[in-house]
Amino acid sequence: MVRGEWRSFTKALQQPGTLPVSDAKMDVLAVNIEENADKIPVNYILPPGVTRETDPGQPQLLQQNEQSMVLKIRNLSPGDARGVYKNTNFDMRQYKKIQMFVHAEKFIDDDSNLKDQELTCFVRLGNDMVNNYYEYEIPLKLTPHGTYSSNSTSDRETVWNPDNMFDFAFEKLTSTKLRRNKEAGTNQSVNFILPYTINDENKPTNRITVVGNPTISEVENIMIGVRNRSGEIKSGEIWVNELRMSEFNEESAWAALGNLAVNLSDIGNINLSGRVETAGYGSLESNVMERRIDDLYQMNFSTSMDLGRFLPEAAKIQLPAYYSYTNETISPKYNPLDQDVLFNDALN
């Protein structure tokens with residue numbers, strides 16, 4: 001998480017129908033293992049499973065620094081939120097999940113009496129951050145003040161609470177959009193303008209929200225934010241680290257290419273060729289983002305003949321004839337009008 005790549009979002013983020021009762025302030029900082037290992041009230045340690053990389057370009061084994069982005073929020077009104085965003089250009093359809101570590105703590109001089117699950121952290125993905133986006137929101141559990149060690153697995157999980165970790169499948173986002181679209185046809189209160197929110201079935205305290213018609217096939221913006229879900233003004237400090245896509249699509253695919261050429265002596269020749277490539281196929285040198293997202297079927301048939309050979313030789317007539325037939329069929333894996341929804345799911 002490079003702090004310089006993220007910018008503060010200045011537009012309103014409060015929930016519909018609410019008005020902020022305070023002027024919240026947010027500072028975007030960085031915290032790292034080399035400079036903040038003795039930080040108070042909670043010192044910085046590595047997230048679970050994360051190790052410091054070694055610089056291969058140095059003659060000596062030097063570990064590189066490891067850092068997280070910090071969001072310091074003060075005087076956040078009930079229902080209000082603050083966030084940072086970055087411009088991107090990602091097609092996330094070839095990956096299954098998005099993950100991120102999150103830490104939450106209250107200030108030493110906290111006068112808002114911050115408690116567990118009063119602040120939430122959310123991630124937005126979409127074409128924009130106001131009218132077309134997916135949002136996944138997690139209520140945060142606070143880390144008790146103290147000194148912790150990166151050498152202790154339990155300490156890492158205390159600082160980086162597993163319940164605070166973003167680890168959800170992209171399928172949850174697209175299925176929520178499909179559900180919203182179906183309900184919009186029968187329920188007048190459901191539409192594409194207002195946020196449509198449901199709880200995650202596997203983690204009922206987490207929320208999934210859809211606004212507009214976002215797609216993970218073209219994610220132009222990513223936002224990380226903090227929201228106040230309590231009924232009072234709150235302040236707190238949030239660390240976020242290792243925002244990443246994981247578990248790329250490993251479904252098998254295949255391709256075949258065939259050619260047949262038949263020479264009919266001096267009468268003519270026949271050529272037949274075919275090609276098949278299924279969704280998910282890619283050459284050995286291609287990366288995961290270059291794989292096919294549709295099924296391709298090609299067939300070519302051509303023949304050329306001298307029909308004069310079927311007439312008496314005394315006629316001395318040449319009748320050249322040529323015939324060609326080409327067929328190409330492309331079956332998309334995703335709905336062309338909603339490119340992160342499987343075509344079969346859209347038909348159903």
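Our structure is the block above this text.
Residues numbered from 1 in each chain as written. Predicted model: local features only at pLDDT ≥ 70, side-chain atom pairs only at ≥ 80, totals over all residues. Heavy atoms only, no water.

(A) Spotlight on the overall build of the protein. Counting its regular elements, the protein contains 3 helices and 18 strands. Its C-alpha atoms give the protein principal-axis dimensions of about 110 × 65 × 30 Å. In the protein, which comprises 348 residues, the share counted as buried stands at 41%. Contacts in the protein between residues at least 24 apart in sequence constitute 73% of all its contacts with a sequence separation of at least 6. If you sum the accessible surface of the protein, you get close to 19,200 Å²; carbon and sulfur atoms cover 49% of it. Positive and negative charge centroids in the protein, built from 35 and 48 side chains respectively, lie 4 Å apart. (Helix = DSSP H or I, 4+ residues; strand = E, 2+ residues; numbered from the N terminus. Buried < 20%, exposed > 50% of the residue type's maximum accessible area, 1.4 Å probe, protein only. Contact = heavy atoms within 4.5 Å. Areas by Shrake-Rupley, 256 points an atom, 1.4 Å probe, with all protein chains shown as cover. Lys, Arg positive; Asp, Glu negative; His and termini not counted. Charge placed at Lys NZ, Arg CZ, Asp CG, Glu CD.)

(B) Just a nonpolar patch on the surface, in detail. A cluster of nonpolar side chains, contributed by Leu260, Val262, Leu272, Met299, Tyr323 and Tyr325, occupies part of the molecular surface with about 510 Å² of accessible area. Contributing elements (two or more residues each) for the nonpolar patch: β13 (255-264) and β16 (320-332). Turning to its location among the elements, Tyr323 is positioned in strand β16. Among the residues examined, Tyr323 registers a relative accessible area of 46% and is labelled partly exposed. (Patch = residues over 30% accessible without salt bridge, like charges linked within 9 Å, V, L, I, M, F, W, Y side chains within 5 Å. Salt bridge = Lys/Arg side-chain N within 4 Å of Asp/Glu carboxyl O.)

(C) Focus on the sheet that holds strand β15 (residues 294-306). With respect to topology, 4 strands assemble into an open sheet ordered β13-β14-β15-β16, the strand pairing being antiparallel. Taken across any chain shown, the strands that pair with only one partner, and hence form the sheet edges, are β13 and β16. Averaged over all adjacent pairs, the angle separating strand axes in this sheet is 5°, with direction ignored. Taken together, the 10 bridges between β13 and strand β14 (residues 268-277) define a ladder with antiparallel strand orientation. Paired with Leu260 across the two strands is Leu272, which belongs to β14. (Pairing = 2+ DSSP bridges. Axes fitted to C-alpha atoms, helices over the stretch in contact; angles between N-to-C directions.)

(D) Inspection of the nonpolar core at higher detail. By size, the foremost hydrophobic cluster in this structure holds 42 residues, and its most contacted members are Leu125, Phe166 and Ile224. Take this core: its biggest share by element is 5 residues, from strand β5 (residues 95-105). Formed by 14 residues, the second largest nonpolar core is a distinct cluster that contains Val31, Tyr44, Leu46 and Val50. (Core = buried A, V, L, I, M, F, W, Y, C linked by side-chain atoms within 4.5 Å.)

(E) Quick look at the packing of aromatic side chains. In total, this model carries 8 aromatic pairs according to the counting rule given. Consider the rings of Tyr44 and Trp160, whose centres lie 6.2 Å apart with planes at 90°: the pair is edge-to-face. Of the two residues, Tyr44 is situated in the loop between β2 (25-32) and β3 (67-76) and Trp160 in the loop between α1 (153-159) and β8 (166-169); the sequence distance between them amounts to 116 residues. When sorted by exposure, Tyr44 lands in the same class as Trp160, which is buried. Residues Tyr136 and Phe166 carry aromatic rings whose centres are separated by 6.2 Å and whose planes lie at 65° to one another, so their mutual orientation is edge-to-face. (Phe/Tyr/Trp six-rings, centres within 6.5 Å; stacked < 30°, edge-to-face > 60°.)

(F) Structural detail: the environment of Ser331. The topology assignment puts Ser331 in strand β16. Ser331 gets classed as partly exposed once you look at its relative accessible area, which sits at 31%. The spacing of Ser331 and Tyr297 is 34 residues in sequence and 8.5 Å in space, taken between C-alpha atoms. Not counting the four nearest positions on each side in its chain, Ser331 is found in contact with Asp294 and Asp295.

(G) Broad picture of the pattern of salt bridges. Counted under the stated rule, the structure contains 25 salt bridges. The salt bridge partner of Lys177 is Asp340, with a shortest N-O separation of 2.8 Å. Of the two residues, Lys177 is situated in helix α2 (residues 170-184) and Asp340 in strand β18 (residues 338-342); the sequence distance between them amounts to 163 residues. Side by side, Lys177 and Asp340 carry an identical accessibility label, which is buried.

(H) Structural context of the environment of Met289. On the secondary structure map, Met289 appears in the loop between β14 and β15. Expressed as a C-alpha distance, the spacing of Met289 and Asp109, which sit 180 residues apart in the sequence, is 48 Å. Apart from residues lying up to four places away in sequence, Met289 is in contact with Asp91, Gln94 and Tyr95.

So yeah, pure geometry; function would need other evidence.
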